[in-house]
Amino acid sequence: MADTGIGASVRRKEDQRFITGRGHYTDDLNRPGQAYAFFVRSPHAHARIKSVNTAAAARSPGVIGVFTGQDVAADKLGSIPCGWGVTQKDGKPMNAPPHMPLAADKARYVGDQVALVVAETYNQARDAAEKVVVDYEVLPASVDLAATAKKGAPVIHDQAPNNVCFVWGLGDEAATKAAFAKAHHVAKLNLVNNRVIPNAIEPRAAIGDFDTGDDSYTLYVTSQNPHLARLVISAFVQIAPESKLRVVAPDVGGGFGSKIFIYAEECVVTWASRKVGRPVKWTAERFESFLSDAHGRDHLTHVELALDKDGKFLGLRVDTTANMGAYLSNFASAIPTYLYGTLLQGVYTTAAIYCEVTSVFTNTVPVDAVRGAGRPEATYLIERIVDVAASDMGIDRAEIRRRNFIAAIAFPYQTQVALQYDSGNYGASLEKALTMIDYAGFEKRRKEAAGRGKLRGIGLASYIEACGIAPSQVVGSLGAGVGLYEAGQVRFDATGNVTVFTGSHTHGQSHETTFAQIVSDYLGVPFEKIEVVHGDSGRIPFGMGTYGSRSLAVGGSAIVRAMDKVIAKGRRIAAHLLEASEADIEFKAGKFSVKGTDRAKTIGEIAFAAYVPHNYPLSELEPGLDETAFYDPANFTFPAGTHVCEVEIDRDTGVVAVERWVAVDDFGRIINPMVVAGQVQGGVAHGVGQALCEAAVYDKSGQLLTGSYMDYCMPRAGDLPSIEVDTTVTLCTHNPLGVKGCGETGAIAAPATLINAIVDALAPLGVKHIEMPATSQRVWQAIHSAS
Amino acid sequence: MSGIAVSTTINGDAVEFLCQAEETLLDVLRDRLGLTGAKEGCGTGDCGACSVIVDGRLVCACLVLGAEAEGSSIETIEGMADGDKLHPLQEKFLEHAALQCGVCTPGFLMAAKDLLTRNPDPTEEEIRFGLAGNLCRCTGYDKIVRAVQDAARVMKGA
């Protein structure tokens, strides 16, 4: 199986349909009798809804129904929940205000859903929406992250006095204070982790389809986790019991976190399909994506690093204000806490760490996970303050990292911030990356560039990620409302084909290929005879979905466990057919054989016997060869690595050109190197976008100024260099595949790498720090204010 | 139903359709003709996901009205392969895994085809700028650039 098994760069199974335009994305689907939906959204960031008059809209051509927050309340729909309850520093629960699917009392951000119009055509729904008259009492808005918790700021939710959701701490505050007291040097930095908008190229879409025959609903939706959507819409929003709701997430055009969440639109079209007795389709226009997909990051941080005279890290102190936006999205509270504070050990032996996070509401789009989610913010502040410290103390930036790395022999390593790293070799990745980019020869290149009038800089970042979320009991103790296992089912048919049902969801990650490679490798079944099914709660036993680079580590492991059961049952069937003792049967390369003999049955023959059980031990074994496993991981996984890049800056324009990018990552065992390289390259591009050009900008009144691709700058092919990818390997010690995960690391490593390079390029001018995004204007200003 | 009668050639076949005045060519392709390969990513001509070739010119189908297509010859992703035989660009996108979620891919393939028609031997920089009208959030463009370079090499030799 070497050519299609684990470790082979197999061509992607899913690509054939995509390159011929025959994928089936949600908006490509249409249901018989389908009507179309358009949402009336608040034009105000903060306004009391005094009344909503739908009469004129209801009389508009083609209109089938108009629904408001009052209708939602009358039908007793529930609030869209935040699934992660954070316990505050003082022991109290976080302030979690309700989030109703349609706003009835107040609108809390520009784009907040106020009413729904359903009509025969999309344009009729859109036209009629303009006739919905909402009487708003416009209220002062609280938009500024730094000011929203201050006295006198407009209060957004009655349940959250001072607009504070929680104040949370992690680490040993006293020990950290003591570490700073004995420091030789303290490096300090204020930094902004800029708000980004996920911008999957496929806008969100949903079709609610109520079947009047059996009172059941089907929701076709752009989701990264259809089972979780079913759970939330059933158990919390209470539209239908889970047994009466099927959620299908077909081909999905990118997620990057934004399609984890269960949004108001999806709930409302599901509910409305029953109200109008027709399927109801909604597809976001791009402006709606900007105004309603959960945004990411948006932190203000003060960080301090205490060092001894040799540059060893004694203590790290972090104070962060994190924006939640106007409502708590499903996982919002977990991002600046359990996916952020717990990563502040980084890859270093920092002896004492304390982190405090104040999470606040503002009249802006809700903030939640975007590719990396909390971990890019942690890596950014660590790798920036390490560079600042190196600069302050005159220590080479690679050398200061070497002096502080957790040694390769120190695993398992208990961090100061709750996690226990199982494996890693951070020095190996660093040295490989430095060799690849010729770190030693950089000053020559800087000089050569200076001769051409360019400012050249080099930057590096050594990151770590916690992914493969996560042990259910651990996350449960931290306030998670769900378990975070995964389900996998491996089904043979009578002719020896295999169908794999996974609770993971692929929306670019190549599961149809990589999961088939694993199955082919383990079971010795040809790759072509394996189909991977995902994204349908009606076909797959259960699932927690794809986010946080968990699919392979958790979903892949569930499939391995299901295959273990298949092999165990196959062994018993083979023992019967071969008239041997079960203990004497061994399984290898798709064959069950009697040890020391040439007597064997292929797994295909075993499957046939299982489905046509004429010669079969029916008294002790059920027919069929179809096994399901739920896998709950023992720990997170910890990919880590070093990225290095070089930039050249034009003094006259401030334009930053990224000249080279080297990524050396440790992902544990790699199933498909070609797929992994693509994940890294895409992640780096996402991180370069955040560092160089992407930013969500609000004006004082809460209007989103960057609400289109003309205003929100996405990285394009011409903005990026070739991204050189290599790996080092330490295996994950606790999952059966030894895998760690790779989907987010590029976005985690890239912002710090790039800003470190830009600051290095500008350092000769006296620049110490530059905020993201380092647009040409910002860089030009830095050049001119420095000189 | 009433509407504007439009006669076109799509992927080599004569196609007639009725459309409303406000319908875009993208609406017509997707909703009336079942050609859903072209996608609407933005509706404003900024993302290139709806790229098709009209009378030899690469356009965003979201910016062309259906009624404007009268008398035009239109190429879409559905007509790129010759039956089961993939176009060299499609082959190379497969070989290099130059796509992930796939939603921008039809647009990239049409844009790359147009680029190689105009410039059969592009440099990496020319490819990067030639495809800068198309957004991809998944790949970082690296493998797309490699695939187009490789396809150009094969097509020149053909």
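Residues numbered from 1 in each chain as written. Chains lettered and ligands numbered in written order. Predicted model: local features only at pLDDT ≥ 70, side-chain atom pairs only at ≥ 80, totals over all residues. Heavy atoms only, no water.

**Focus: the interface of chain A and chain B**
Item 1. Counting residues at the interface gives 48 residues for chain A, matched by 46 residues for chain B.
Item 2. In terms of surface lost to chain B, no three residues of chain A exceed Ile19, Ile201 and Arg716 of chain A, which account for 19% of the buried area on that side.
Item 3. The partner of Lys39 of chain B in a salt bridge is Asp28 of chain A, and the shortest N-O contact between them spans 2.6 Å.
Item 4. Where chain A packs against chain B, one counts 25 residue pairs in polar contact (both at pLDDT 80 or more).
Item 5. Of all elements in the fold, only helix H1 (15–19) and helix H17 (673–692) of chain A reach the threshold of two or more residues within the side of chain A that touches chain B.
Item 6. The element that contributes the greatest number of residues to the side of chain A that touches chain B is H17 of chain A, accounting for eight residues.
Item 7. When grouped by side-chain class, the residues that make up the side of chain A that touches chain B number 21 nonpolar, 17 polar and 10 charged. (Contact = heavy atoms within 4.5 Å. Buried area = accessible area lost by both parts, 1.4 Å probe. Salt bridge = Lys/Arg side-chain N within 4 Å of Asp/Glu carboxyl O. Polar contact = N/O pair within 3.5 Å; in protein donor to acceptor, adjacent residues only side chain to side chain. Helix = DSSP H or I, 4+ residues; strand = E, 2+ residues; numbered from the N terminus. Nonpolar A, V, L, I, M, F, W, Y, C, P; charged D, E, K, R; others polar.)

**Remarks on the domain arrangement of chain A**
Residues and elements named next belong to chain A.
Item 1. Taken domain by domain, chain A comprises domain 1 (31–139 + 202–253 + 259–292), domain 2 (387–465 + 636–786) and domain 3 (485–631).
Item 2. Taken over C-alpha atoms, the centre of domain 1 sits 40 Å from the centre of domain 3.
Item 3. On the side of domain 3, 14 residues touch domain 1, which itself brings 16 residues to the contact.
Item 4. Between domain 1 and domain 3, roughly 1300 Å² of surface is buried when both sides are summed, and carbon and sulfur atoms account for 54% of that area.
Item 5. Our enumeration of links across domain 1 and domain 3 arrives at one salt bridge.
Item 6. Residue Arg246 pairs with Asp536 through a salt bridge whose shortest N-O separation is 2.7 Å. (Domains from an automatic or database assignment.)

**Observations concerning the sheet that holds strand S2 (residues 13–19) of chain B**
Residues and elements named next belong to chain B.
Item 1. Strands sit in the order S2-S1-S5-S3-S4 across an open sheet of five strands; the sheet is mixed. Two strands bound the open sheet, and with one partner strand each, they are S2 and strand S4 (57–60). Taken over all neighbouring pairs, the strand axes of this sheet differ in orientation by 40° on average, direction set aside.
Item 2. Where strand S1 (residues 4–10) meets S2, seven bridges bridge the pair, whose relative direction is antiparallel. From the neighbouring strand, Thr8 faces S2, where its bridge partner is Val15.
Item 3. Here helix H1 (residues 25–32) sits on the sheet in contact with S1, S2, strand S3 (51–54) and strand S5 (73–75), set at roughly 105° to S2.
Item 4. This element, helix H3 (residues 105–118), spans S3, S4 and S5 of the sheet and lies at about 40° to S3. (Pairing = 2+ DSSP bridges. Axes fitted to C-alpha atoms, helices over the stretch in contact; angles between N-to-C directions.)

**Describing the sheet that holds strand S2 (residues 47–53) of chain A**
Residues and elements named next belong to chain A.
Item 1. Spatially, the three strands line up as an open sheet ordered S4-S2-S6, and their pairing is antiparallel. Lying at the two open borders of the sheet, with one neighbouring strand each, are strand S4 (106–107) and strand S6 (133–138).
Item 2. Note that S2 and S4 share two bridges and pair antiparallel. Among the inter-strand pairings, Ala47 is bridged to a residue of S4, identified as Ala107.

**With respect to unusual backbone geometry**
Item 1. Note that the residue after Phe411 of chain A, namely Pro412 of chain A, is joined by a cis bond; omega there is 0°.
Item 2. Pro773 of chain A follows Met772 of chain A through a cis peptide bond whose omega is -10°.
Item 3. A positive phi angle, near 50°, is found at Asp55 of chain B, a position not held by glycine.
Item 4. Assignment of secondary structure puts Asp55 of chain B in the loop between S3 and S4.
Item 5. At Ala97 of chain B, a residue that is not glycine, the phi angle is positive and equals roughly 50°.
Item 6. With respect to the element layout, Ala97 of chain B can be found in the loop between helix H2 (88–96) and H3.
Item 7. For Ala97 of chain B, a relative accessible area of 5% translates into the label buried. (Buried < 20%, exposed > 50% of the residue type's maximum accessible area, 1.4 Å probe, protein only.)

**Here we look at the nonpolar core**
Item 1. Counting residues in hydrophobic clusters, the biggest one holds 210 residues, and the most contacted among them are Ile649, Leu754, Ile758 and Leu762 of chain A together with Phe93 of chain B.
Item 2. A total of 11 residues in this core trace back to one element, the largest contributor, which is helix H18 (residues 745–762) of chain A.
Item 3. If we ignore the near neighbours within four places in the chain, the residues touching Phe93 of chain B are Asp15 and Ile19 of chain A together with Ala98, Leu99, Thr105, Phe108, Leu109, Ile144, Ala147 and Val148 of chain B.
Item 4. Core analysis: the second largest hydrophobic core is formed by 47 residues, Phe492, Leu523, Ala574 and Tyr616 of chain A among them. (Core = buried A, V, L, I, M, F, W, Y, C linked by side-chain atoms within 4.5 Å.)

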